[in-house]
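# Notes for the structure review
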Amino acid sequence: MTTNFNRRQTLFGMGASLGSVALAGMLSADAAATDQQAPSLAVKPPMHPAKAKNVIMLFMEGGPGQMDTFDPKPALTKLHKTESKLTEGLASGFKFFVGSPFKFRKVGQSGIEMCDQWQHLADPYVADELCNFRGCQAESLNHPEALFHMNTGSRLGGDPAFGAWATYGLGTENQNLPGYVVMTELALPQGGATNWSNGFLPPHFQGTRLRPNGSPILDLAPQGYKSRQHQRDALDTLAKLNSQHLQSLSVADQQLEARISNYELAYRMQADVPGVVDLSQETAATQEMYGMDQDETKVFGRQCLMARRLVESGVRFVQIFSGGWDSHDYLQRGHSSRIKSVDKPMAALIRDLKQRGMLEDTLVIWTGEFGRTPDNNKRGGVYSLGRGHNNNAMTMLLAGGGVKAGSIVGATDELGNHAVEKAHPIRDLHVTLLHLLGLDDNKLTYFHGGRFKQLSQFGGEVIPDLIA
Amino acid sequence: MTELMGGTRFYRRWLLAMLCVVTGWTIQASAQQQQQPTTADNWTKEHRSADADRLFTLKVLPLLTEKCFGCHGSDPDDIKGEYLMLDRASLLRGGESDEVAVHPGKAAKGTLLEAIRWDGLEMPPKENDRLSDQQIQWVELWIAAGAPWPDKATQEAIRKQDQKSQETADGILIKTSGGTSDQWSSRRYQADKVWAFQPVRPASELLPKGVDAAQAIDHFIDRRLQEANLTPAPPAKPAALLRRACLDLTGLPPTDEQRKQFITAWEQDSQQAWENLIDQLLASPRYGERWGRHWLDVTRYADTGGMSNDYERSNLWRYRDYVIRSFNEDRPYNEFIVQQLAGDELADESVAKRLQKELGNKATAQKIQQRVRQAQQTGQYTAQEAEWIVASGFLRLGPWDNAMVKADEARQMYLDDLVNITGQTFLSTTMRCCKCHDHKFDPIPTRDYYRMYSAFSTTQMAERTVPFTDKENLTGIESGRAHVQRMLDYATSKKNALINKQETAAKQWYKEHDLPYVGLNQRKSMPDESKPPRHVGLDYVDQGRLKVREQDVWIWNRRLERYQPMAQSVFSDAWVKIPGNAARKLRIVRNGDGKVRQNHILMGGALTALGDVVTPGVLSAIGLPVQSALTAPANDNFQISDNAQGRRLELARWIANPENALTTRSIVNRIWQYHFGRGLAANSNNFGVSGSAPTHPELLDFLADDFIAGDWKIKRLHRRMMLSEAYQRSAEASDPDQVANVDPDNLLLSHFQRRRLSAEEIRDSALMASGELVHQLGGLPVSPEINMEVALQPRMIQFSLAPAYQPSRTPAERNRRSIYAYQVRGQADPFMELFNLPNPNESSEQRESAAVTPQVFSLMNSDMMTDRSIALALRAGQHSDQVGQQITQAFQWVLGRTPSSTEHATLEQYVQRMTRYHQSMPEDSVNRREYPKQITRSLVEEFSGKPFQYTEILPVFNDYVADQSASDVGPQVRALADACLLLLNTNEFMYVD
């Protein structure tokens, strides 16, 4: 007889559904276990009634400018190219204000504001689902630290990601798929996998990255010259060898048994994952809706559609990283092209979720790691029309999952430099998002390094204005 | 409740009784009172109030401070729920609800008790902060007694009185350098919770007569087994013991030769055979490669610095080899400590001594300092001094980069890291908690944190010139340098071409503006109007490429340092200013004024919130004074001299003092953990109150004491542990049902704890079974072949993409033991990561060994494992041309035994089926693996937001010697390899019994 600790630790690998009948009893016993040593991926009830069950987080790496997307600043436009004496940020030398190159308008019944580059998101069917939060404040001015902060609650990196906490708290519906899936562009965002780390939580809470090219999960497919039948025979023969070994022991060892069952789960994942990521199963109309037929939207469109399929298949948390928002210069060109590449797919995602009745319990978040400054410095003697990093103001969108649809929450000052109304640190945002998922940040803790740790680090407040 | 009990008189009696029961006090207001009968009637008003005052001062107020004031008092601008609790009137009044919080004398009323009982309101709001029943009772009693709030002087008097007794029913006092409040300094601890801060009891006290040191382990282990009515498992079989010992001590399974030798010897004299085996394994160079890795887990070894740029720390491999060598040479642990924490200062001392010897009386302080500093620049060191400086690489292991970070914050980040890692590594103490406040649970005031911080505050990072020694393996320096030089030349030529293009345009600009040409560097600081625009002549593609190439030049220049006689180290100076991109180049520069800066407690960890001034010092709670000739501080012997030079050395010597109970318990506990799967105290980085208490405290003390008696020698400790019966038990419990009921986690060690192989053991064992493993002690980092998708995938660094991962060119270079693999913080080998190689950003006290499904993908499908299976099949093919014998042989190599007839039949039939399968496949069904000689990268140019491309060369693949793979062999070898792959996937291979 081996230890409880090891048994559970082993059993809940990436999933706990076991093929073998002999192990079924063990599973049900363990699925109920909630003690720290046995955190599993089995579905767990929320701590309080949840508004959202799943999360799709669209991460705009680099930091979109609030005043160039959803937070119009006419006063700033008037100051265009006049000297700025603002002292925040890292830029030095002669600084001048930069008005947004884009025009703004109110859209939908709710009158959400967005710049004219957003064409598809402006459709009232979609726009009226959005909640624009203008009160969030980051802390770090540097990309990796700010990314870590938004993703893991800590600027230092190494703590569990939001997705890991959510999966730890709620488990996941489909034991043949990872509970937390991450999609990136070809290049990883700054800070890499630390952004979807399990931190000190057990490893099965780590975000599993579906790779944009090649095998969606590393080594998922057998070597090319080995067929599915070949794999089946290999697993059967291995099971024989392993069971002969088990029989040679006088005392049963469940961690060894559980490891055998992992091979069966792997075999099923090999079958299921390619199916979920196979977008050819979607109609041409759907693919087109997501912009998969156009160069500028096909990458993000593919990922958004994949996100919907994953959530549909029972994945708890999906995160997509889309870079290129770090517009220090050529703001108009840069932001315009980034907006165009995400606008249609995002709108399609919200529309699609809504049409399928999935939006009400799927929380969609669109955010960067921080916002941008209203001013910039001259570079090489020329007015470089871009913006620096701003940790005092930013903008984000929330939709579905119990958020207050069609609303604008909080405000920045007239230049968009500081959040001045409903200003909240990132930890409050995290606490609120967990709250929507039916999780209490103060109770969703894990003992590590001598204390109980939590996503918000030391606690935070729910932002009631964001909740419907 | 009080009403029900009927009247005040009864209630007073009840209250008094409860005060005694609940708090466990002896009422000691005065001797006279104690003599009186303890009925409430005999109590005067003063007596009661004195007692309630004591309750408030010693219990309730500290509780409120810890649990409530954070939100309801400390920050006057942010009072939660408008409820202030800092004084009696406010506390009674209540908060925004307008309901009265406390009715003095009436515990049944008021919202405070409701809230702390989580009856309606839930306070404190965090589950983990919830008050215990006992704590709630204190508050209840206090309210019932009228909620008195004595003035400061009375509180002080009560605390003073209490402090006169070292031990009361409330626990023991621990004297420290002092907390930020009297309350904290005077609090009491439960003795068994602060076990780690108590002195180690000597073996003579711990061992009963007739039990000698050699029997001590079994004495302590068996005693607890008997108490738990557990029968120890019988001894393991010799084959299991052999594999266990080999893997534990060397990280490799036994060879056939070792097996034959051991079994023969065992049959003659099992005890002698076992002892000889242990000695042989400890003498093997493979031992240091295994145990060095444990140490690197704790100290967080990596070859790069992490964070935004992940620049290489090009010479840290020398520290890695120092660690391996230290284990192999059985360096006494106290020396190991001092060398890592202050090796550079040891070298300075030694240089000074050499000069004194040379010059005698003429060696003035000035001359000595001159010589010491000269040596620091030129690297004129003896081999011993060189080794010490390399050892101080310990102080350069944390992730650090100051790009885009303010100078003082970057400095703080470094010093915090040193304090934390020193606490965890050597003292098994988590210091991080007391960066912001006095420790909540442990007797460590924030003052001690900043004293240690101050001890490091003159530590300055630098890459230093340090000669190679004869002990270091310099193989591959020439070829390695040539490769890096080639990468550098490529980047430089690309960069120069772009600069030339720019400067041609610049010259044109000057010509057009009728101005004389000014070079790029000179014109940087000139006004905008008088020079061409930045990046003149370059379009966005050029600009993007220029940034990449400039970064590459830095990266490859840095990597060239690998081959230089340099060391990642430190030096001592009061203060220096470092550049803003110090992670890519940092040499010894003494640009400060030499004036020692004062250190303060930083309140809440904030650089701007200066608290008391602190001097350098050590942890005061264990009561071990600093013993140093350099200093004689008045009335506080936990302080260190505040010279810029020598602070660390003093700190290190205090840590390495044989009387330092934290240090000695820490190391013996770690060694125990790696042998038995779990430390006697399970959190080997945290001996504090929040860590696990030891299962066998006396054994832990015995081992610590015995370790000092054995001159801090670790090999002797291995022998002690491995010669015990406890270590040699079978992995199968004698009475599994009893174990499941009484000791399901095997804390009492009734049987050996079966363990999964570590990532390194899996890879190294597979390479050994396939005959590919190449042994070579130490040397430059090697680059094994990792998953090619990961090797070539783009990886963002601050302004660019990091260069692709290029494996070492030949199998002999690549297929070395895993400890020599190049460790990049931003790019882990996915295979090793999957099998729980720890993230080097955090100290790893123990490896995880969870079995997760993706491990199956790697073990069954990866190129890495497939290649091993092919090599193993080829090796078996060389051994025999009979499939049956090939299977037997492969089985023997992987699992160390002969297959049973059933196993053999299973595999033989499988190979037959697979042979037919592969024969039925077309000739070209196996693709040859591609190794691209160059790749095209895409990146978005920062200013324009437009994508551009550039070419990266991978010259290692120009004349790459690949491992044998499936495309190189025929159907029969592939079929046999399929069987070999299964063997490498078996539980028997993956676990140690």
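Residues numbered from 1 in each chain as written. Chains lettered and ligands numbered in written order. Predicted model: local features only at pLDDT ≥ 70, side-chain atom pairs only at ≥ 80, totals over all residues.

## Points about the overall build of chain B
Counting its regular elements, chain B contains 40 helices and 11 strands. Over its C-alpha atoms chain B spans a radius of gyration of 34 Å, differing by no more than 12% from the 30 Å that the globule rule assigns to 993 residues. Once local pairs closer than 6 in sequence are excluded, the contacts in chain B between residues at least 24 apart make up 72%. (Helix = DSSP H or I, 4+ residues; strand = E, 2+ residues; numbered from the N terminus. Rg over C-alpha atoms; globule rule 2.2 N^0.38 Å. Contact = placed C-beta atoms within 7 Å.)

## Comments concerning the overall build of chain A
Helix and strand counts for chain A stand at 12 helices and 20 strands. Evaluated residue by residue, chain A yields a buried proportion of 61% over its 468 residues. (Buried ≥ 20, exposed ≤ 12 C-beta atoms within 10 Å, placed from the backbone.)

## So, the confidence of the model for chain B
Residues and elements named next belong to chain B. Overall, the predicted model of chain B reaches an average pLDDT of 91, with 94% of residues at or above 70. Below a pLDDT of 50 lies the segment residues 1–43, which in the model reaches 47 contacts outside its immediate sequence neighbourhood of four places, other chains included. Across the predicted assembly, pTM comes out at 0.82 and ipTM at 0.86. (pLDDT = per-residue confidence, 0-100.)

## Digging into the interface of chain A and chain B
Chain A puts 85 residues into the contact, and the matching count from chain B is 76 residues. With 10 residues, the top contributor of residues to the side of chain A that touches chain B is helix α7 (residues 228–248) of chain A. Among the residues forming the side of chain A that touches chain B, the class breakdown is 32 nonpolar, 39 polar and 14 charged. (Nonpolar A, V, L, I, M, F, W, Y, C, P; charged D, E, K, R; others polar.)

## Brief notes about the nonpolar core
Residues and elements named next belong to chain B. Core analysis: the biggest nonpolar cluster contains 300 residues, and Cys980 and Leu983 have the highest contact counts within it. No other element matches the 10 residues that helix α39 (residues 971–985) contributes to this core. Ala101, Leu112, Trp138 and Val139 belong to the second largest nonpolar core, which has 27 residues in total. (Core = buried A, V, L, I, M, F, W, Y, C linked by C-beta atoms within 7 Å.)

## Re the sheet that holds strand β10 (residues 362–367) of chain A
Residue and element names in this part refer to chain A. Pairing is mixed across the open sheet formed by eight strands, whose spatial order is β8-β7-β9-β1-β10-β14-β5-β15. Each edge of the open sheet carries a strand with a single partner, namely β8 (208–210) and β15 (407–409). Neighbour-to-neighbour, the strand axes of this sheet turn through a mean angle of 20°, independent of strand direction. Relative to β10, strand β1 (residues 54–60) is paired through six bridges, and the arrangement is parallel. (Pairing = 2+ DSSP bridges. Axes fitted to C-alpha atoms, helices over the stretch in contact; angles between N-to-C directions.)

## Thoughts on the domain arrangement of chain B
Taken domain by domain, chain B holds domain 1 (2–164), domain 2 (203–283 + 659–742), domain 3 (332–468 + 565–655) and domain 4 (478–556). Here the C-alpha centre of domain 4 of chain B lies 63 Å away from the C-alpha centre of domain 2 of chain B. (Domains from an automatic or database assignment.)

## Focus on the domain arrangement of chain A
All names here are of chain A. According to the domain assignment, chain A consists of domain 1 (44–213 + 283–466) and domain 2 (219–277). Between domain 1 and domain 2, the C-alpha centre-to-centre distance is 39 Å. Contact residues are listed per partner, giving seven residues for domain 1 and seven residues for domain 2. Residue composition of the side of domain 1 that touches domain 2, by class: four nonpolar, two polar and one charged.

## Considering the UniProt feature "domain: DUF1549" (unreviewed entry) in chain B
Here the UniProt-annotated "domain: DUF1549" (unreviewed entry) positions come out as residues 217–460 of chain B. End-to-end, the C-alpha atoms of residues 217–460 of chain B are 44 Å apart, and along that stretch the chain is 66% helix and 1% strand. (UniProt positions renumbered as here; feature names shortened; annotations may be inferred.)

## Comments concerning the packing of helix α27 (residues 661–676) of chain B against helix α28 (residues 697–709) of chain B
In helix packing, the relevant descriptors are the interaxial angle and the interaxial distance, both defined with respect to the helix axes. Residues and elements named next belong to chain B. In contact at an axis separation of 9 Å, α27 and α28 are set at 105° when each is read in the N-to-C sense. Accordingly, the angle class assigned to the pair α27 and α28 is roughly perpendicular. Between α27 and α28, the residues in contact are Thr664, Arg665, Val668, Asn669 and Trp672 and Leu700, Leu703, Ala704, Phe707 and Ile708, respectively. Its residues placed into classes, the contact of α27 with α28 shows seven nonpolar, two polar and one charged. (Parallel < 35°, antiparallel > 145°, perpendicular 65-115°, else oblique.)

## Some points on the sheet that holds strand β3 (residues 188–189) of chain B
Residue and element names in this part refer to chain B. In space, the three strands of this open sheet follow the order β1-β2-β3, with antiparallel pairing throughout. On the outer flanks of this sheet lie β1 (167–168) and β3, each paired with one strand and no other. Sheet analysis places strand β2 (residues 171–173) next to β3, joined by two bridges and oriented antiparallel. If you follow Ile172 over to β3, its bridge partner there is Tyr189.

## Regarding unusual backbone geometry
With an omega of -15°, the peptide bond between Met123 of chain B and Pro124 of chain B qualifies as cis. Even without being a glycine, Gln457 of chain A presents a positive backbone phi close to 75°. Among the structural elements, Gln457 of chain A can be located in the segment after β20 (451–453). A residue is classified by how many C-beta atoms lie within 10 Å of it, and Gln457 of chain A, with 17 of them, is partly exposed. One non-glycine residue with positive phi stands out, namely His535 of chain B, at about 60°. Turning to its location among the elements, His535 of chain B is positioned in the loop between α24 (520–523) and α25 (540–560). When the 19 C-beta atoms within 10 Å are taken as the criterion, His535 of chain B is described as partly exposed.

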